[in-house]
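Structural description and commentary
Listed below, chain by chain, are the residues.
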Amino acid sequence: MVLVDASQPGAVDLAAEIQALKKSLNAVVLAHYYQYGEVQDVADFIGDSLQLAREAAQVKADVIVFCGVHFMAETAKIMSPDKLVLLPDLAAGCSLSESAPAGPFAEFVAAHPDHTVVTYVNSSAAVKALSDYCCTSSNAVDVVNSIPKGKPIIFAPDRFLGDWVMRETGRDMLLWEGSCEVHELFSEDKIVDLKQQHPGAITLVHPECPAPVRALADVIGSTKKLLEAVRAGEPNATYVVVTEPGIIHQMQHAAPQATFIMAPAEIRGNEQGACTSCNECPHMKRNTLEKLYLCMRDQSPSLELPADLIKRARLPIERMLSIG
Ligand code: 13P
Ligand code: SF4
């Protein structure tokens, strides 16, 4: 659906309008690395989940425009409840967050009262409110290491990230069976083929991927860590990128002469060949430059949460922000 046709003569210059709206609203635009390049280009701050949560907690502006998914905007609202938090598309969800509904999760937690509950930030505010700690892929290992040895741990909702954290920390954890619909689909066989075709290429893998894919990695880490690996690498290096392709926009800025090869996903539902867009997050990609402009122009949709939920979900996020 075209909401504003910027290609027509006399049409709105979306990027210029967004800059003007930032001033008139006293707004700051935060964007995750998985956003479209043109959205990242108008943002005041671009980051991984942890960086964005930290930024949202300390922002001075009156309005936070969050170009990411719903749980990220919720975190911003919980940490800055007096700000107006706008999200270009309120329906930008997350398969991980949806895999842990608050009701069944509350029962699971109640069935293990001796466990410390560590929840990946990719979860709803209601699930965060049932948790002792939140974490992101940036600091999950540090968060788990901060819990006294011998204390049993529930880790939710990403079983693949949980499995990686168990291997990194040597801790046995009770895992919730969620997964990211993007990262679980990367094809191990096709990554092996790419590594053979490009000897010397550096394989960058997000820890939301299953163990056999992680086993092919030279670097495993959050989007920030993968970007830092490119910044620190040889200018002409070749990279196989095993995470959402939005990150390549900043990687290209960091190393314009490097080559970036996007790892393909398994074919979804047809036998015609590799699906080229299955590795795009359909939720992150709901936010377009048009919707960003419209949400600022209309100051809607905004993210609202009940005050008591904000209060209950805040402590595990504060603990997350203080670690790593
Ligand atoms: P990070 O930005 O923390 O690496 O997370 C990736 C992700 O899937 C966000 O939803
Ligand atoms: Fe959720 Fe995966 Fe999309 Fe991240 S990439 S927002 S974890 S569905």
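Above this text is the structure in question.
Residues numbered from 1 in each chain as written. Chains lettered and ligands numbered in written order. Predicted model: local features only at pLDDT ≥ 70, side-chain atom pairs only at ≥ 80, totals over all residues. Heavy atoms only, no water.

**Considerations on the overall build of the chain**
- Along its length, the chain carries 15 helices and 12 strands.
- For 324 residues, the compact-globule estimate of 2.2 N^0.38 gives 20 Å, and the chain sits close to it at 20 Å.
- The 324 residues of the chain split such that 55% are buried.
- Sequence-distant contacts, at least 24 apart, represent 63% of the contacts inside the chain between residues at least 6 apart.
- Summed over its atoms, the accessible surface of the chain is roughly 13,700 Å², and 50% of this surface lies on carbon and sulfur atoms.
- One finds the centroid of the 27 positive side-chain charges in the chain at a distance of 6 Å from the centroid of its 40 negative side-chain charges. (Helix = DSSP H or I, 4+ residues; strand = E, 2+ residues; numbered from the N terminus. Rg over C-alpha atoms; globule rule 2.2 N^0.38 Å. Buried < 20%, exposed > 50% of the residue type's maximum accessible area, 1.4 Å probe, protein only. Contact = heavy atoms within 4.5 Å. Areas by Shrake-Rupley, 256 points an atom, 1.4 Å probe, with all protein chains shown as cover. Lys, Arg positive; Asp, Glu negative; His and termini not counted. Charge placed at Lys NZ, Arg CZ, Asp CG, Glu CD.)

**A word on the nonpolar core**
- In this structure, I64, F66, I78, V118, V165 and M320 are the most contacted members of the largest nonpolar core, which totals 56 residues.
- Look past the residues within four positions of V118 in its chain and what remains in contact with it is Y133, C135, V143, I147, I153, I154, F155 and A156.
- Counting 20 residues, the second-largest nonpolar core is a separate cluster that includes L14, L21, A31 and C295. (Core = buried A, V, L, I, M, F, W, Y, C linked by side-chain atoms within 4.5 Å.)

**Overview of the site of ligand 1**
- Around ligand 1, the surrounding shell holds 14 residues, and the nearest of these are H32, S49, H206, E208 and T223.
- H32 is positioned with one of its side-chain polar atoms (N or O) 2.6 Å from an oxygen atom of ligand 1.
- For ligand 1, an oxygen atom lies 3.3 Å from a polar atom in the side chain of S137.
- Protein burial of ligand 1: of its 300 Å² of free accessible surface, 96% is covered by the chains.
- Looking at side-chain class alone, the shell around ligand 1 contains 5 nonpolar, 7 polar and 2 charged residues. (Near = heavy atom within 4 Å. Polar contact = N/O pair within 3.5 Å; in protein donor to acceptor, adjacent residues only side chain to side chain. Nonpolar A, V, L, I, M, F, W, Y, C, P; charged D, E, K, R; others polar.)

**Overview of helix 6 (residues 102-110)**
- Within helix 6 the residues assigned to the buried category are F105, F108 and V109. Summarising the axial view, the buried residues of helix 6 lie within an arc of 95°, below the 170-degree limit, and thus occupy one face. Away from its buried face, by an angle of more than 90 degrees, helix 6 presents the exposed residues E107 and A110. (Arc of directions from axis to C-beta.)

**Some details on the sheet that holds strand 2 (residues 45-47)**
- Reading across from one edge, 2-1-3-4 is the order of the 4 strands in this open sheet, with parallel pairing throughout. In this open sheet, the two edge strands, each paired with only one partner strand, are strand 2 and strand 4 (84-86). Across this sheet, the average inter-strand angle for adjacent strands is 20°, counted without regard to direction.
- Across 5 bridges, the pairing between strand 1 (residues 27-32) and strand 3 (residues 63-67) is parallel. Paired with L30 across the two strands is F66, which belongs to strand 3. (Pairing = 2+ DSSP bridges. Axes fitted to C-alpha atoms, helices over the stretch in contact; angles between N-to-C directions.)

**Topic: the site of ligand 2**
- Taken together, Y34, V69, C94, S95, L96, N122, C180, E208, C281 and H283 make up the full set of residues near ligand 2.
- The class makeup of the residues in the shell around ligand 2 is 6 nonpolar, 3 polar and 1 charged.

**A word on empty space enclosed by the protein**
- Scanning all chains against the criterion turns up 2 cavities of 30 Å³ or more.
- Within this model, the largest cavity holds a volume of roughly 250 Å³.
- Along its surface, the largest cavity is lined by 28 residues, and Y34, F71, N122, E208 and M284 are the ones closest to its centre.
- Those elements giving two or more residues to the lining of the largest cavity turn out to be helix 3 (49-58), helix 4 (70-79) and helix 5 (95-98).
- Classifying every residue of the lining of the largest cavity by side-chain character gives 12 nonpolar, 12 polar and 4 charged. (1 Å grid on protein atoms, 1.4 Å probe; cavity = no way out; pocket = protein on both sides within 12 Å on 5 of 7 lines; lining within 4 Å. Points joined across faces, edges and corners; volume = space filled by probe spheres on them.)

**Structural notes on the packing of aromatic side chains**
- Applying the stated criterion to the full structure yields 4 aromatic pairs.
- Centre to centre, the rings of F108 and W176 are 5.2 Å apart; their planes meet at 75°, and the pair counts as edge-to-face. Remark: W176 occurs in the loop between strand 8 (173-175) and helix 10 (188-197) and F108 occurs in helix 6; sequence separation between them is 68 residues.
- On the accessibility criterion, W176 (14% relative accessible area) is buried.
- These aromatic residues form a ring-pair network of at least three members: F105, F108 and W176.
- The lysine or arginine in question, K285, covers the ring of Y36, its NZ or CZ lying 5.4 Å from the ring centre.
- Lying across the ring of Y133, R319 places its NZ or CZ 5.3 Å from the centre. (Phe/Tyr/Trp six-rings, centres within 6.5 Å; stacked < 30°, edge-to-face > 60°. Lys NZ or Arg CZ within 6 Å of the ring centre and 35° of its normal.)

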